[in-house]
Amino acid sequence: MTLHSFTRSLLIVSLAKWTEQGGIGKTTIAASLVHDHEVRSSFEKIVWVSLGQDPNLRTLADSIHYQLTKQGLAEDIKDERDALDAIRDAAKDKKVLLVLDDVWNPSHEKPLNCIDPNGASRLLVTTRIRGLLKNAQEVSMGVLSEDEALAMLLKYAKVESLDEASVEYCRANEVVSLCGKLPLTIAIAGGMVASLFQGFTEEIVETLKTDLGKEMRDESGITIEERIIASSIKQ
């Protein structure tokens, strides 16, 4: 199933209990999805903004406009309605994938949704709230069993086995817990272990205690959100 198979919008709902503490699954899956080659080749622009519980909608609309046009909103645009009109104009006649990450309130979606429902553009929303958007197709993220999650983690970490009495085994289980036993998040964490950390070190555990969406940074200090925005501007 591709993003274009959805009529207008897709809602990714993370149901694992750890998401109540800020979790990483839904954002990580959205980031992985927009980095997929097939997805990127299907859209002219991929636009990403993160909301949270108390977003500044004017600032976010400005970011959307900048990602679409390389220019911010005009200074005289103060009203939410005028800002929405401006970002809709900017998205007009473009194939856009708009990602609204970590949405808590359905009233926050409408002022930022510049997607033409009759065009080829699509809206991707991540949230921890079921039924947040009435007209969206919803995908809930399931979890693996403890044994399945650990086996998958070791596979992607390229580790054949661990001594159950070892510190590494305890850390691997902690990674499983931090990833919420979500398949894609487990796969990403395993890849990080293999390529960045050379094993189950304390550093990988500490890294996963932060939000992989907004706080996880690469060696250049760039976050996932910043990388996506920079990529969108280059398009």
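Just so it is clear, the structure is predicted and the values come from calculations on it, not from any experiment. (Residues numbered from 1 in each chain as written. Predicted model: local features only at pLDDT ≥ 70, side-chain atom pairs only at ≥ 80, totals over all residues. Heavy atoms only, no water.)

Asker: Explain the overall build of the chain to me, and be specific about the residues and the numbers.
Answerer: Scanning the chain for helices and strands turns up nine helices and five strands. The order of α-helices and β-strands along the chain, N terminus first, is β-α-α-β-α-α-β-β-β-α-α-α-α-α. Out of the 235 residues belonging to the chain, those deemed buried represent 49%. Long-range pairs, those at least 24 residues apart, make up 70% of the contacts in the chain between residues at least 6 apart in sequence. When the accessible surface of the chain is split by element, carbon and sulfur atoms take 48% of a total near 12,000 Å². (Helix = DSSP H or I, 4+ residues; strand = E, 2+ residues; numbered from the N terminus. Buried < 20%, exposed > 50% of the residue type's maximum accessible area, 1.4 Å probe, protein only. Contact = heavy atoms within 4.5 Å. Areas by Shrake-Rupley, 256 points an atom, 1.4 Å probe, with all protein chains shown as cover.)

Asker: Could you give an account of the confidence of the model for the chain, with specific residues and numbers?
Answerer: Overall, the predicted model of the chain reaches an average pLDDT of 79, with 74% of residues at or above 70. Segment residues 15–24 is flagged for pLDDT under 50; beyond a separation of four residues in sequence, or across chains, it makes 27 contacts in the model. (pLDDT = per-residue confidence, 0-100.)

Asker: Talk me through the pairing of strand β2 (residues 45–52); I want residue IDs and the actual numbers.
Answerer: Across the eight residues of β2, eight count as buried, placing the element largely inside the fold. Relative to strand β3 (residues 96–103), β2 is paired through seven bridges, and the arrangement is parallel. Looking at the pairing, G52 lines up with V103 of β3. (Pairing = 2+ DSSP bridges.)

Asker: Quick rundown of the nonpolar core? Include the residues and the values.
Answerer: Membership of the largest hydrophobic core comes to 28 residues, with the highest contact counts inside it found for I64, L68, L98, L100 and L112. Looking at this core, the elements that each hand over two or more residues are β2, α3 (57–69), α4 (80–91), β3 and β4 (122–127). Tallying contributions element by element places α4 first for this core, with six residues. When neighbours within four sequence positions are excluded, L98 is seen to be in contact with V47, I64, L112, N113, C114, I115, R122, L123 and L124. Listed in part, the 21 residues of the second largest apolar core include L154, A172, I186 and V205. (Core = buried A, V, L, I, M, F, W, Y, C linked by side-chain atoms within 4.5 Å.)

Asker: Go over the pattern of salt bridges with me, naming the residues and quoting the values.
Answerer: Taken as a whole and assessed by the stated rule, the structure comprises four salt bridges. A salt bridge links R81 to D85; the shortest N-O distance between them is 3.1 Å. Note that R81 and D85 are positioned in helix α4 at a spacing of four residues, about one turn of the helix. Under the relative-accessibility criterion, D85 is labelled partly exposed at 31%. A salt bridge links E146 to K181; the shortest N-O distance between them is 3.8 Å. Here the residue E146 occupies a position in helix α5 (residues 146–157), and K181 occupies one in the loop between α6 (167–178) and α7 (183–197), the gap between them amounting to 35 residues. (Salt bridge = Lys/Arg side-chain N within 4 Å of Asp/Glu carboxyl O.)

Asker: Which residues make up the side chain of R122, and what values go with them?
Answerer: By the secondary structure assignment, R122 is in strand β4. The charged side chain of R122 is buried without a salt bridge, its nearest counter-charge being D116 at 8.9 Å. In this structure the side chain of R122 is engaged in a polar contact, spanning 3.5 Å, whose partner is the backbone oxygen of A120. (Lys, Arg positive; Asp, Glu negative; His and termini not counted. Polar contact = N/O pair within 3.5 Å; in protein donor to acceptor, adjacent residues only side chain to side chain.)

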